[in-house]
Amino acid sequence: MKIITVKNYNELSTTAGRIIADLVSSKPRCTLGLATGSTPQGTYQYLVERYRAGEISFKEVQTFNLDEYCGLPRSHPESYFRFMHDNLFSHIDIQPENRHIPCAEGGDLQSQCDAYNALLRQATVDLQLLGIGSNGHIGFCEPGTPFERETFLTQLAEKTRQDNQRFFNSLEEVPTTAITMGIKNILEARSILLIASGKAKAECISQMVNGPVTEAVPASALQRHPDTTIILDEEAAALL
Ligand code: F6R
């Protein structure tokens, strides 16, 4: 694991954004794995600025998102479909057919998982961007998820629902299930870039980096990946 510690969230966003922009410049047909949540927002803003400056294009880039809540229509302000549209896709020249987000609408969610997994199997993700949950989850692979899991329907941990309540009006509104890539899918990426900011992440970062590789801390699986870079601000790195 290569660990880069920076001063604050701004520097974290610029550092992560630069790594992604460099890949897009050097390999215009690259495949990116993308995350949602608060942490990558600054990274996406940086990429939008580089695009607007005419320095990078996403015309040939393919993307695969990690996860999507079940029970929210794609048009819901907190769906990850909407998040990606608002924070990145509507601002850049990515082609609609090249962007992939698990579809958690409709009755047969197992078929949606299988369809997404089949798409992932045909692709090779060059760089997978990840955040980390305060309980050590990556994607929505919660503690206890077997490492060999591929795209699946997951039950959100209570801690995750509480952490994400800030995006909703009440805890009751936070979905209880989601479709997520599995840890096996995540580890198949050629490279992994995990970003974390703030003191609420210090404990899980310490467990991910220095603790045992255990399904109790899903992010610890990244210790087994040969090309993982972790960018932390000072608060998230405080317990290393
Ligand atoms: C989001 C995702 C999650 C988040 C994690 C951290 O697509 O897969 O693992 O990365 O919950 O979220 P934030 O950045 O909001 O702290």
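Everything quoted here is computed from the prediction, not taken from an experiment.

1. Some details on the overall build of the chain
Scanning the chain for helices and strands turns up seven helices and 10 strands. A compact globule built from 240 residues should have a C-alpha radius of gyration of about 18 Å, and the chain, at 17 Å, falls within 12% of that. Dimensions along the principal axes, computed over C-alpha positions, put the chain at roughly 45 × 45 × 35 Å. Looking at the chain as a whole, 43% of its 240 residues qualify as buried. Here the analysis covers contacts within the chain between residues at least 6 apart in sequence; of these, 78% occur between residues at least 24 apart.

2. Looking at the UniProt feature "domain: Glucosamine/galactosamine-6-phosphate isomerase" (unreviewed entry) in the chain
When the UniProt feature table is mapped to this numbering, "domain: Glucosamine/galactosamine-6-phosphate isomerase" (unreviewed entry) covers residues 17–226. End-to-end, the C-alpha atoms of residues 17–226 are 21 Å apart, and along that stretch the chain is 31% helix and 15% strand.

3. A short note on the sheet that holds strand S10 (residues 228–233)
A sheet is described by the order of its strands in space; here seven strands give the open sequence S1-S10-S9-S6-S2-S3-S5, paired in parallel fashion. Whereas interior strands pair on both sides, the edge strands pair on one side only; in this sheet they are strand S1 (2–6) and strand S5 (99–100). Pairing analysis gives four bridges linking strand S6 (residues 127–130) to strand S9 (residues 191–196), with the strands arranged parallel. In the strand pairing of S9, leucine 127 is matched with serine 191.

4. Some details on the site of the ligand
Taken together, 14 residues sit near the ligand, with Thr36, Gly37, Ser38, Thr39 and Gly131 positioned nearest. For the shell around the ligand, the per-class residue count stands at five nonpolar, eight polar and one charged.

5. A look at helix H3 (residues 80–87)
When we look at burial in H3, the residues that qualify are Tyr80, Phe81, Phe83 and Met84. Here the buried residues of H3 occupy an arc of 165° about the axis, which is enough to place them on one side.

6. A word on the pairing of strand S8 (residues 177–180)
Across a regular strand the side chains alternate sides, sitting on one face of the sheet and then on the other. Bridge count between strand S4 (residues 67–69) and S8: three bridges; the pairing is antiparallel. Bridge pairing in S8 places glutamate 68 opposite isoleucine 179. Where strand S7 (residues 152–155) meets S8, four bridges bridge the pair, whose relative direction is antiparallel. From the neighbouring strand, leucine 153 faces S8, where its bridge partner is isoleucine 179.

7. A few points about the sheet that holds S4
Pairing is antiparallel in the open sheet, where three strands are placed in the order S4-S8-S7. In this open sheet, the two strands that pair with only one neighbour each are S4 and S7. The sheet shows a mean angle of 30° between the axes of neighbouring strands, taken without regard to direction.

8. So, the packing of helix H1 (residues 9–26) against helix H2 (residues 41–52)
Look at H1 against H2: their axes get within 8 Å of each other, and the N-to-C directions meet at 55°. Between H1 and H2, the angle falls in the class oblique. Crossing hand, H1 versus H2: right-handed. Taking contact as the criterion, the partners of Tyr9, Asn10, Ser13, Thr14, Ala16, Gly17, Ile20 and Ala21 in H1 are, on H2, Gly42, Thr43, Gln45, Tyr46, Leu47 and Arg50.

9. What to know about the UniProt feature "active site" (unreviewed entry) in the chain
As annotated by UniProt and renumbered to match this structure, "active site" (unreviewed entry) occupies Asp67, Asn135, His137 and Glu142. Considering the arrangement of structural elements, one finds histidine 137 in the loop between S6 and S7. For histidine 137, the contacting residues outside a window of four places in its chain are Glu142, Pro143, Ala157, Thr160 and Pro218. Those residues in contact with glutamate 142 that lie beyond four places of it in its chain are Asn135, His137, Thr154, Leu156, Ala157, Thr160 and Pro218.

10. Brief notes about the nonpolar core
If you look at the biggest cluster of nonpolar residues, it comprises 64 residues, and the most contacted ones within it are Met84, Leu127, Leu130, Ile132, Leu193, Leu194 and Ala219. Aside from chain neighbours lying at most four places away, what touches leucine 194 is Leu130, Ile132, Leu222, Thr228 and Ile230.

11. Observations concerning the environment of glutamine 155
Along the polypeptide, glutamine 155 turns up in strand S7. Judged by local crowding, glutamine 155 falls into the exposed class, with 12 C-beta atoms found within 10 Å. As for glutamine 155 and cysteine 70, which are separated by 85 residues in sequence, their C-alpha atoms are 9.9 Å apart. Those residues in contact with glutamine 155, other than ones at most four positions away along the chain, are Thr176 and Thr177.

What counts, and at which threshold
- For every chain, the first residue of the written sequence is number 1, and numbering continues from 1 onward in sequence order.
- Thresholds applied to this predicted model are a pLDDT of at least 70 for local features of residues and 80 or more for the giving and counting of side-chain atom pairs; totals over whole chains, interfaces and linings are not thresholded and use all residues.
- Each helix corresponds to a stretch of at least 4 residues labelled H or I by DSSP, and each strand to a stretch of at least 2 residues labelled E; elements are numbered beginning at the N terminus.
- Based on C-alpha atoms, the radius of gyration is set beside the globule rule, defined as 2.2 Å times the residue count to the power 0.38.
- Partly exposed residues are those whose C-beta has more than 12 but fewer than 20 other C-beta atoms within 10 Å; with 20 or more the residue is buried, with 12 or fewer it is exposed, and the C-beta atoms are placed from the backbone.
- Any residue pair is listed as a contact if its two C-beta atoms, each placed from the backbone, are within 7 Å.
- UniProt positions are given in the numbering used here, feature names are shortened, and annotations may be inferred rather than shown by experiment.
- When DSSP finds two or more bridges between two strands, those strands count as paired.
- Contact assignment follows one rule, namely that a residue is near a molecule or strand if its backbone-placed C-beta atom lies within 6 Å of it.
- Each residue receives one of three labels: charged for Asp, Glu, Lys and Arg, nonpolar for Ala, Val, Leu, Ile, Met, Phe, Trp, Tyr, Cys and Pro, and polar for the others, Gly being one of them.
- Directions drawn from the helix axis to the C-beta atoms are what define this arc.
- The angle between two axes is taken between their N-to-C directions and runs from 0 to 180 degrees, where each axis is a line fitted to C-alpha atoms and a helix contributes only its stretch in contact.
- Any angle that falls under 35 degrees is termed roughly parallel, while one over 145 is termed roughly antiparallel, one within 65 to 115 roughly perpendicular, and all others oblique.
- Here a crossing is taken to be left-handed if its near helix is turned anticlockwise relative to the far helix by less than a right angle, and right-handed if that turn runs clockwise.
- For our purposes the nonpolar core covers buried Ala, Val, Leu, Ile, Met, Phe, Trp, Tyr and Cys residues that link as a set through C-beta atoms within 7 Å.

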